[in-house]
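Close look at the chain arrangement
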Amino acid sequence: MISAANSSENGRRNENGETSDAGNGQDLILHFLDKVRLSRGDAMDESEGDESPTELNTINSAGGFLIVSPDKLSVKYTNTNLHGHDVGVVQANKPAPFKCLTYYFEIFVKDAGVKGQIAIGFTKESFKMRRQPGWEVNSCGYHGDDGYLYRGKGIGEAFGPTYTKGDTVGGGINYGSQEFFFTKNGALVGKIPKDIKGHLFPTVAVHSQNEEVSVNFGKTKFAFDVKGYEASERNKQQMAIDKISIPPNIGYALVKTYLLHYGYEETLNAFNVATETTVPPIHIAQENAIDEDDSSYALHQRKTIRQLVRDGEINAALARLRDWYPQIVQDEKSVVCFLLHCQKFIELVRVGKLEEGVKYGRLELAKFVGLTGFQDIVEDCFALLVYRKPEESSLGYFLKDSQRELVADAVNAAILSTNPNKKDMQRSRHLHSHLEILLRQLTVCCLERRSLNGNQGETFRLHHVLNNNSTRR
């Protein structure tokens, strides 16, 4: 995570470089400046730079034994097979992308030639280009003449049926299960553990006269239903998760403390009524209870201010804070004041009051220019004025409802930090509900699991998972 200041534990530095006493829980609110910056990152496409192969590589290939078609999507063996080092091998122009659940490509056998010694598989960039995939270490190949699978050794293992002229054969990588899989004519042949690390290139080999294959990297429809295969794999994961039993009272307590923590008072009341009318009613045993005291502190006030921020009524929210919690806004250069002033500026841009926005920015946001941790966000806010349609720009995330929620969360955390009975509590308890702490742990576990797989596979993004699940429902 990007650091909003040199160290929140050492206080915040002012424009003179002096350390000021953040006090009143202001240090912990620095976390929300990081969240603003992360919103900027989330607006970018994470898959950028993870390009898929589009054609065969005519430079790094066994050029003396084969001819690649002008469109670089077909290859033909033109030599006479004499030994095991005159194989016609060609890799794709790019390695298989790895920020996804699966990668897949296919070949169509135009001509099986004299011996039908065609192979499909995956190899490292340093692979010896005169050998069949699977004959050398760090390579894997499904061979057409015997149906064997070769994994870095000269001896193959029985795997699937042979294939010849007119057959469509596919090779894929399942990053979720860390397996290679192969298909024939739209049907899954089999799968094996993926024991090769690093970038892998889709690879095709021909090894007897007149053998010819065309390659499909996804430009045309595959014979194999890749989307269906991915859906099946995700269903397997979901079924495993669904088998985990969680007592209803535990889930109830987590949801209740979440609603309390964020001040969703009306939703909380409706939730309580719903749980009381279940058959049988849900009761929480004392030993399983979660302390609700800190989360219920100032519930009505937090709910009122949250709604004002969510409605874009920033002046009213500031007025309530000055009346109810003046200690939070007494430092005009605090993080909470900064976020609220930024949001007021954003609201003026949203409704097209640009001249008023400029005046407000000069009056309030100019105070934060040059302060460590604030400068880049101030610049981004002012940059909204440049765009005719700022909501469609790279800074459009500022105008989304999620930005209002972020500011409301920061104010909520600041109010919770004023609870006089909880001065000795860990600061993170003001930032996150019990449910969020659990979900953060889940995220860390998923990221750790992905790192053990060489950072290959889909990047776990919790908000995508939650959004997709809500859409399916």
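So, here is what we can say about the structure in this document.

The rules behind these values
- Residues numbered from 1 in each chain as written.
- Predicted model: local features only at pLDDT ≥ 70, side-chain atom pairs only at ≥ 80, totals over all residues.
- Heavy atoms only, no water.
- Core = buried A, V, L, I, M, F, W, Y, C linked by side-chain atoms within 4.5 Å.
- Buried < 20%, exposed > 50% of the residue type's maximum accessible area, 1.4 Å probe, protein only.
- Helix = DSSP H or I, 4+ residues; strand = E, 2+ residues; numbered from the N terminus.
- Contact = heavy atoms within 4.5 Å.
- Pairing = 2+ DSSP bridges.
- Axes fitted to C-alpha atoms, helices over the stretch in contact; angles between N-to-C directions.
- Salt bridge = Lys/Arg side-chain N within 4 Å of Asp/Glu carboxyl O.
- Patch = residues over 30% accessible without salt bridge, like charges linked within 9 Å, V, L, I, M, F, W, Y side chains within 5 Å.
- Areas by Shrake-Rupley, 256 points an atom, 1.4 Å probe, with all protein chains shown as cover.

Some points on the nonpolar core
Grouped together as the largest cluster of nonpolar side chains are 48 residues, with contacts concentrated most on Leu-321, Phe-338, Leu-339, Leu-340 and Phe-398. Listed by contribution, the elements that provide at least two residues to this core are helix H1 (26–42), helix H6 (299–310), helix H7 (314–324), helix H8 (326–329), helix H9 (335–350), helix H11 (375–383) and helix H12 (401–416). Here this core gets 11 residues from one element, more than from any other, and that element is H9. With residues up to four places along the chain from it excluded, the contact list for Phe-338 reads Leu-33, Phe-368, Phe-374, Ile-377 and Val-378. Counting 36 residues, the second-largest nonpolar core is a separate cluster that includes Ile-118, Phe-180, Ile-192 and Leu-200.

Observations concerning the sheet that holds strand E14 (residues 187–193)
The sheet built from 7 strands is open, its strands ordered E4-E5-E16-E7-E12-E13-E14 with antiparallel pairing. Each of the sheet's edge strands pairs with one partner strand only, and the pair in question is strand E4 (66–68) and E14. Geometrically, the sheet is characterised by an average inter-axis angle of 20 degrees between neighbouring strands, direction not taken into account. With 3 bridges connecting them, strand E5 (residues 74–77) and strand E16 (residues 212–216) associate as antiparallel partners. Of the residues in E16, the one forming a bridge with Lys-76 is Glu-212. Set on the sheet, helix H2 (residues 226–242) makes contact with strand E7 (102–111), strand E12 (168–174), strand E13 (179–184) and E14; between it and E7 the angle comes to about 145 degrees.

Some thoughts on the pattern of salt bridges
Applying the stated rule across the entire model yields 16 salt bridges. With its nearest N and O atoms 3.8 Å apart, the salt bridge here joins Asp-167 to Lys-184. With a gap of 17 residues between them, Asp-167 in the loop between strand E11 (157–158) and E12 and Lys-184 in strand E13 connect regions that are remote in the sequence. The exposure class assigned to Asp-167 is buried, which follows from its relative accessible area of 12%. Here Glu-266 ties to Lys-303 by a salt bridge, and the two come within 3.3 Å at their closest N and O atoms. Of the two residues, Glu-266 sits in helix H4 (residues 265–276) while Lys-303 sits in helix H6, which places them 37 residues apart along the sequence. Counted as one network, the salt bridges with shared partners bring together Arg-306, Arg-310, Glu-405 and Asp-409.

Some details on a nonpolar patch on the surface
Together, Ile-241, Ile-244 and Ile-246 make up a nonpolar patch on the protein surface, roughly 320 Å² of accessible area in all. Considering the arrangement of structural elements, one finds Ile-241 in helix H2. For Ile-241, a relative accessible area of 47% puts it in the partly exposed group.

Details of unusual backbone geometry
Even without glycine at this site, Lys-72 takes up a positive phi of about 60 degrees. Considering the arrangement of structural elements, one finds Lys-72 in the loop between E4 and E5. On the basis of relative accessibility, which here comes to 28%, the residue Lys-72 falls in the partly exposed class. Notably, Asn-185 is not glycine yet its phi reads approximately 50 degrees, a positive angle. Tracing the sequence through the fold places Asn-185 in the loop between E13 and E14.

Observations regarding the sheet that holds strand E15 (residues 201–206)
Across the sheet, 7 strands lie side by side as E3-E6-E15-E8-E9-E10-E11; this open sheet has antiparallel pairing. Either end of the sheet is taken by a strand with one partner, and the two such strands are strand E3 (56–61) and E11. For E3 and strand E6 (residues 88–92), the ladder comprises 2 bridges, and the chain directions are antiparallel. Paired with Leu-56 across the two strands is Ala-92, which belongs to E6.

Describing the side chain of Asn-412
Mapped onto the fold, Asn-412 is located in helix H12. The exposure class assigned to Asn-412 is buried, which follows from its relative accessible area of 3%. In this structure Asn-412 touches His-261, Tyr-262, Gly-263, Arg-302 and Arg-306, once residues within four positions along its chain are discounted.

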